[in-house]
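Topology and contacts: notes
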Amino acid sequence: MNKLQLVEAISERVGDKKTALAAVDAIIDTVMTTVANGEKVAITGFGSWEAVTRPAREARNPATGQTINVPATTVPKWKAGQGFKDLVAQREAASR
């Protein structure tokens, strides 16, 4: 499912695409801005987003074997909530 399909699915529940698009954009923007500011966003049963810092490290170029230095960086991390995990596990078990 892409963003357009998500907006379509939500518009069936809220009544129109304009409202659905505004809601999806607001959620995405709020999560991204909050995490970029170093705060954690948690939606109980769905999941959480947070910024994590990866330390600097050495890596190898697989083509040449040359050692390269990878600088420290901060990246977003998402973790599924227990309700989400349970739903996926139920659907997987039911399809067997």
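Above this note sits the structure.
Scope of this entry: the structure provided in the associated data block. Since this is a predicted model, take the numbers as computed values, not measurements. (Residues numbered from 1 in each chain as written. Predicted model: local features only at pLDDT ≥ 70, side-chain atom pairs only at ≥ 80, totals over all residues. Heavy atoms only, no water.)

Let's shift gears to the packing of aromatic side chains. One pass over the full model with this rule turns up 5 aromatic pairs. Aromatic pair Phe46 and Phe84: ring centres 5.4 Å apart, planes at 10°, arrangement stacked. In this pair, Phe46 is assigned in the loop between strand E1 (41-43) and strand E2 (47-54) and Phe84 in helix H3 (residues 82-94), connecting sequence segments 38 residues apart. Note on Phe46: relative accessible area 37%, which makes it partly exposed. We classify Phe84 as partly exposed; its relative accessible area is 29%. Ring plane angle 50° and centroid distance 6.3 Å describe the contact between Trp49 and Trp78, whose orientation is recorded as tilted. Residue Trp49 is found in strand E2, and its partner Trp78 is found in strand E5 (residues 73-80); the two are separated by 29 residues along the sequence. Its relative accessible area of 21% is what places Trp49 among the partly exposed residues. An aromatic cluster of at least three residues, connected via ring pairs, comprises Phe46, Trp49, Trp78 and Phe84. (Phe/Tyr/Trp six-rings, centres within 6.5 Å; stacked < 30°, edge-to-face > 60°. Helix = DSSP H or I, 4+ residues; strand = E, 2+ residues; numbered from the N terminus. Buried < 20%, exposed > 50% of the residue type's maximum accessible area, 1.4 Å probe, protein only.)

A word on the sheet that holds E1. Overall, antiparallel pairing links the 3 strands, which are arranged E1-E2-E5 in an open sheet. The outermost strands of the open sheet, each flanked by one partner alone, are E1 and E5. Neighbour to neighbour, the strand axes of the sheet diverge by 25° on average, direction disregarded. Inspection of the sheet shows E2 paired to E5 by 8 bridges, in the antiparallel sense. The residue bridging Val52 from the neighbouring strand is Val75, located in E5. Relative to E2, helix H2 (residues 17-36) is tilted by about 35°, and along the sheet it contacts E1, E2 and E5. (Pairing = 2+ DSSP bridges. Axes fitted to C-alpha atoms, helices over the stretch in contact; angles between N-to-C directions. Contact = heavy atoms within 4.5 Å.)

Moving on: the pairing of strand E3 (residues 57-60). Sheet analysis places E3 next to strand E4 (residues 67-70), joined by 4 bridges and oriented antiparallel. Within E4, the position partnered with Glu58 by the bridge is Asn69. The antiparallel pairing of E3 with E4 creates a hairpin that spans 6 residues between the two strands, and Gly65 there sits at a positive phi of about 80°.

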